[in-house]
Amino acid sequence: MDRDLSEDDSVVDLSFEAESPLAPPAELLERLPSYDWLFQGGGQQIMFPPLEAPGRPLEQRCWSSFLEHRVPLVTEEVAREALLSFVSSKCCYGSTAAGDLIIQELKQQTLCRYRLETFSESRISEWTFQPFTNQSVDGPQRGTSPRLWDIKVQVPPMFQEDTRKFQVPHSSLVKECHKCHGRGRYKCSGCHGAGMVRCPSCSGAKRKAKQSRRCQMCSGSGRRRYERVSPAPRCSTCSGRGSKTCATCKGEKRLLHFIQLVIMWKNSLFEFVSEHRLNCPRELLAKAKGESLFKDENTAVYPIVDFPLREISLASQRGIAEHRAALSPRARVLQQRQTIELIPVTEVHYWYRGQTYVYYIYGTDHRVHVVDYPDRYCFGCTII
C-alpha cells in the first residue's frame, strides 16, 4: 500500500544529477534504521516488491469470429502495384521488370502473431553523495526514512520505459570529503606540487648544451612556472598552482551523503508468429503491420487456452510463464497486454525474360520483400 508523504517527506528528483565520481568507504557512513543492508553486497540493494492481487481471469471466449474472419485477398493488380511502389523507392531498381513481368501464381496465407507486453517497475537503493553547499539537511533527526516501496512517485504512461532517481527522505548525512580529507584541494600529480615544469629550452640543465651562460628562458633555475603567454609546456592539471580543486567535493570540503532510490520502468516483450509454409523471413513478419483480432489488457492477464490454433494458446501460456518467472522476484507488474493479430502473406511467382522469380507481399500495408529482382543496376545495395 502506498504511503502519502508529508511535507517533510518530500522526494527530491535526482534524474539529472551527474554520476558519483568515487564511492566513500562504508565505515564513513552511519547505519540508519532498516537500511543496514546497504552496507552489504557493494552498497546497492534491489528491493523486492509487495505481493499484488491477481487480475481477473480471462472469460471464456467464442472464437467463431476468427474462423469467419478473412483478410482481403491480394489480386494480381495489387501485387504489381506493391512491387512498383517498392522499386520506385530504390535508387538502383528499374521499373521495367515490375511493369512487364507475368504473374504466374499467388500463394496466400494468413498468419497469427501473438504478442505479450508486461510493464513492470523495479526499485534499487544505493548510497550516493554530492558536494555540501550549506543546503538544508534532511537527516534521521527529522524522522524515520520510509520504506522504499512506500514512496509514492508519478508513474509514466503504461508501456513507456523510463528511469528516474529520487532522494530517500530523512537519509542525509554530512561528512568530510573522503577524497581530499576535508581540504578542498590536493597536490597536483603533474608537477608534484611544485607548480613548475621542466624548462623546455635547457631540459632542466640550467644551461643550454655547449653554452656557458645560464638559460635565459628559466633564468638558470632549470624549471619554469607556467604563464599564459609562454610557449613553455604547461602543467596539465594545476596551471602552475601546485594544487588542484578536489573533483569529488568541488572544493566544498564536505559531502552530503544520502540514500538514492532508482526506479526503472521496463516494458518486456514476448512475440510469436505461427508457423507458415512460405520462405518470407520471420523477422520481417514480427515487424509487419497486422489486423487486430483480439486484445486483453489488465493488471495481470491469463493464458489463452482455447484458441483454434493450438500453437497460439501454447505461446500465450509460455510467454506469461516466462514473464512471471523473470519479473516476480524483483519487480512489480503494473500492467499486461496480450494481443493476437492477423498477418497476411502472399508469395508471388512471376516470369520475366525466360526466367522465374519470386517476391513476397506481407502485412496489411503491403510491404514487399524481394528475393532476386532481375532489373537491378547496382549490386551493393541491401534488399529489404
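Each value, and the rule that gives it
- Along each chain, numbering runs from 1 in the same order as the chain's sequence is written.
- Totals for whole chains, interfaces and linings use all residues, but because this is a predicted model, local features are given only for residues with pLDDT of at least 70 and pairs of side-chain atoms are given and counted only at 80 or more.
- Hydrogen atoms and water are omitted, and side-chain values are computed over all heavy atoms in the structure.
- The rule is simple: take the accessible area with a 1.4 Å probe, protein chains only, and divide by the maximum for that residue type; under 20% is buried, over 50% is exposed, in between is partly exposed.
- The way it works is that DSSP assigns letters per residue, a run of H or I at least four long becomes a helix, a run of E at least two long becomes a strand, and they are numbered from the N terminus.
- Strand pairing requires that DSSP identify at least two bridges connecting the strands.
- Pairing of aromatic rings covers Phe, Tyr and Trp, the last counted by its six-membered ring, and requires centre-to-centre distances within 6.5 Å; plane angles under 30 degrees mean stacked, over 60 mean edge-to-face, and any other angle means tilted.
- Here, a salt bridge means any side-chain nitrogen of Lys or Arg that lies within 4 Å of a carboxyl oxygen of Asp or Glu.
- The sign given to each residue is positive for Lys and Arg and negative for Asp and Glu; His and the chain ends receive no count.
- Pairs of N or O atoms within 3.5 Å make up the polar contacts considered here, provided that, within protein, one atom can donate a hydrogen while the other can accept it, and that residues adjacent in sequence are counted only when both atoms are side-chain atoms.
- What a helix is expected to span follows from its residue count: subtract one and scale by 1.5 Å.
- The arc refers to the directions leading from the helix axis to the C-beta atoms.
- Contact between two residues is taken to exist if any of their heavy atoms lie within 4.5 Å; hydrogens are not considered.
- In this description, a nonpolar core means a group of buried Ala, Val, Leu, Ile, Met, Phe, Trp, Tyr and Cys residues linked to one another through side-chain atoms lying within 4.5 Å.

The protein chain has the name Protein SSUH2 homolog isoform X2 in an unreviewed UniProt entry, where Panthera pardus is given as its organism.

Caption draft 1: Molecular detail of the pairing of strand S12 (residues 332-352). S12 sits mainly inside the fold: 19 of its 21 residues count as buried. In the sheet, strand S11 (residues 291-298) pairs with S12 via seven bridges, with the strands oriented antiparallel. Counted as the bridge partner of Glu291 is Leu342 from S12. The sheet contact formed by S12 and strand S13 (residues 355-362) spans eight bridges and is antiparallel. The residue of S13 that forms the bridge with Trp351 is Thr356. What sits between S12 and S13 in their antiparallel hairpin is a turn of two residues, with Arg353 showing a positive phi close to 50°.

Caption draft 2: How the structure looks around the packing of aromatic side chains. Scanning the model with the defined rule gives six aromatic pairs in all. A centroid spacing of 6.3 Å and a plane angle of 65° characterise the contact between Tyr114 and Phe270, whose relative ring orientation is edge-to-face. Remark: Phe270 occurs in strand S10 (residues 254-273) and Tyr114 occurs in strand S3 (residues 102-131); sequence separation between them is 156 residues. By relative accessible area, which is 0% here, Tyr114 ends up buried. Chaining the aromatic ring pairs together yields one cluster made of Phe86, Tyr93 and Tyr373.

Caption draft 3: A look at the pattern of salt bridges. One pass over the structure, following the stated rule, counts nine salt bridges. Glu271 serves as the salt-bridge partner of Arg115, at 2.4 Å between the closest nitrogen and oxygen. Placement of Arg115 in strand S3 and of Glu271 in strand S10 is noted, with a sequence separation of 156 residues between them. What makes Glu271 partly exposed here is its relative accessible area of 31%.

Caption draft 4: Focus on the side chain of Glu347. Tracing the sequence through the fold places Glu347 in strand S12. At 4.0 Å, Lys107 is the nearest oppositely charged side chain to Glu347, a buried residue that forms no salt bridge. At 2.6 Å, the side chain of Glu347 forms a polar contact with the side chain of Tyr360.

Caption draft 5: Focus on helix H2 (residues 76-88). Between its first and last C-alpha atoms H2 spans 18 Å; for 13 residues at 1.5 Å apiece the expected length is 18 Å, and the two agree. Taken together, the buried positions of H2 are Ala79, Ala82, Leu83, Phe86 and Val87. Across the axial projection of H2, the buried residues extend over an arc of 125°, all falling on one side. Facing away from the buried surface of H2 by more than 90 degrees, the exposed residues are Glu77 and Ser88.

Caption draft 6: How the structure looks around the environment of Thr364. Relative to the helices and strands, Thr364 resides in the loop between S13 and strand S14 (367-370). Since its relative accessible area comes to 30%, Thr364 is described here as partly exposed. Through-space distance from the C-alpha of Thr364 to that of Gly290 is 5.6 Å; in sequence the pair is 74 residues apart. Apart from residues lying up to four places away in sequence, Thr364 is in contact with Lys289, Gly290, Glu291 and Pro344.

Caption draft 7: A look at the nonpolar core. Formed by 21 residues in total, the largest nonpolar core has its most connected members in Leu83, Tyr359, Ile361, Val368 and Tyr373. The leading source of residues in this core is H2, at five residues. If you look at the next biggest cluster of nonpolar residues, it comprises 16 residues, including Trp63, Tyr114, Leu116 and Phe270.

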